[in-house]
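# Commentary on secondary and tertiary structure
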Amino acid sequence: MIRPAAFLLGSAMVLSSISSAATAQGAERSFDCVIKPREVVALGSAAEGVLVERLVERGSVVAAGQPVARLDDSRQRIRLEQARLAADRDVEIRSRRATVAFREGELARVENLAGNNLTPAIQLERARLELELARFALDAALMDQKSAGIELDAAQDALERRTIRSSVAGVVTDTSVAPGAFVGSQSTIMTLAKLDILNVDVFLPTTLYGLPVVGIEAIVVPEEPIGGAYTARIETVDQVFDA
């Protein structure tokens, strides 16, 4: 594998072994090879909808997390505003708290009267019940506000999912969907190649099969106009031969 990020995909390369384990006479030998991206991503969408904007084109270099396309989000923006209004509304809570405060004061007055035998016991029980019901209503209002906050988070997430972001840092190798087209759950919007680590497929003669080459270093020499020489390390040997 090699790490330069400017290689063209599919270029024909030449590899020179620098390990005597891979040479019959101890001399350097060269073999054809192809450099490929280690990871190719078919980028889709977690949401369905009409693609309204594509922010990158084929050949664009993108960073991980960078917005690359956007679905129509008009409905999601309306729902987000509705959820924000519901989450910010605290009239019900303030009303219930005022009721609780009133019922607490009322109970205190009835208890004072009951202590002096100036009110029947049923009046005291009624005051206690009214306070308990007021507290239940306040708890319900607080729970409703918490639920509204969760709905707000869900609405924000739904809006965020209308923006398609790159999952890797790399290069756009293909764009599959044009603005105005519908994007489904199985649609591929674009294809990205991750180039921070590249694979080099080397084509060796079968006469070299079985040599202990895994782990040794080699020199990768790209064709022009890339040029240069880069050190790579052999990671694996394909066990299937091409006819």
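Everything below is about the structure printed above this text.
This report concerns the structure included in the present document. Being a predicted model, the structure only gives us computed values, none of them experimental. Note that residues are indexed from 1 along each chain, following the sequence as it is written. Residues qualify for local features only when their pLDDT is at least 70, as the model is predicted, and side-chain atom pairs are given and counted only at 80 or more; totals for whole chains, interfaces and linings, by contrast, use all residues. Here the side-chain values reflect all heavy atoms present in the structure, with hydrogen atoms and water set aside.

### Some words on helix α1 (residues 74-88)
What counts as a helix is a DSSP run of H or I of at least four residues, what counts as a strand is a run of E of at least two, and both are numbered from the N terminus. How far a helix is expected to stretch is found by multiplying one less than its residue total by 1.5 Å. Here α1 contains 15 residues, and its C-alpha end-to-end distance of 21 Å stays within 8% of the 21 Å for a straight helix at 1.5 Å per residue. Within α1, the full set of buried residues consists of Gln76, Leu80, Ala83 and Ala87. Buried positions in α1, seen along its axis, are confined to an arc of 65 degrees and lie on one side of it. Pointing more than 90 degrees away from the buried face of α1 are the exposed residues Arg75, Ile78, Gln82, Leu85 and Asp88. By definition in these notes, contact holds between two residues if any of their heavy atoms fall within 4.5 Å. Looking at the buried positions of α1, the neighbouring elements they touch are α3 (121-160). In this scheme, a residue with accessible area under 20% of its type's maximum is buried, one over 50% is exposed, and one in between is partly exposed, where area comes from a 1.4 Å probe on protein chains only. The directions considered for the arc are those from the helix axis to the C-beta atoms.

### Side note on the layout of surface pockets
With a probe scaled to a water molecule rolled over the atoms, the places where space remains empty come into view. As a volume, the second largest pocket reaches approximately 150 Å³. Ala86, Arg89, Glu92, Ile93, Ala141, Asp144, Gln145 and Ala148 are the residues that line the second largest pocket. At the level of secondary structure, the elements contributing two or more residues to the lining of the second largest pocket comprise α2 (91-115) and α3. By residue number, the principal contributor to the lining of the second largest pocket is α3, which donates 4 residues. We place a 1 Å grid over just the protein atoms. Points where a 1.4 Å probe fits but has no way out form a cavity, open points with protein on both sides within 12 Å along at least 5 of 7 lines form a pocket, and any residue with an atom within 4 Å of a point lines it. Grid points are joined across faces, edges and corners, and a volume is the space filled by probe spheres set on the points.

### Comments concerning the packing of α2 against α3
Angles run from 0 to 180 degrees between N-to-C directions of axes, and those axes are lines fitted to C-alpha atoms, restricted for helices to the stretch in contact. Contact geometry of α2 with α3 gives a least axis separation of 8 Å together with a crossing angle of 165 degrees. Taken together, α2 and α3 sit at an angle that is classed as roughly antiparallel. Crossing hand, α2 versus α3: left-handed. A class-by-class count of the residues in the contact of α2 with α3 yields 13 nonpolar, 3 polar and 9 charged. Oblique is the label for any angle not under 35 degrees, not over 145, and not in the 65 to 115 range, which are roughly parallel, roughly antiparallel and roughly perpendicular in turn. With the far helix as reference, a near helix turned anticlockwise by less than a right angle produces a left-handed crossing, and one turned clockwise produces a right-handed crossing. Under the grouping applied here, Gly and all other residues not named as nonpolar or charged are polar, the nonpolar ones being Ala, Val, Leu, Ile, Met, Phe, Trp, Tyr, Cys and Pro and the charged ones Asp, Glu, Lys and Arg.

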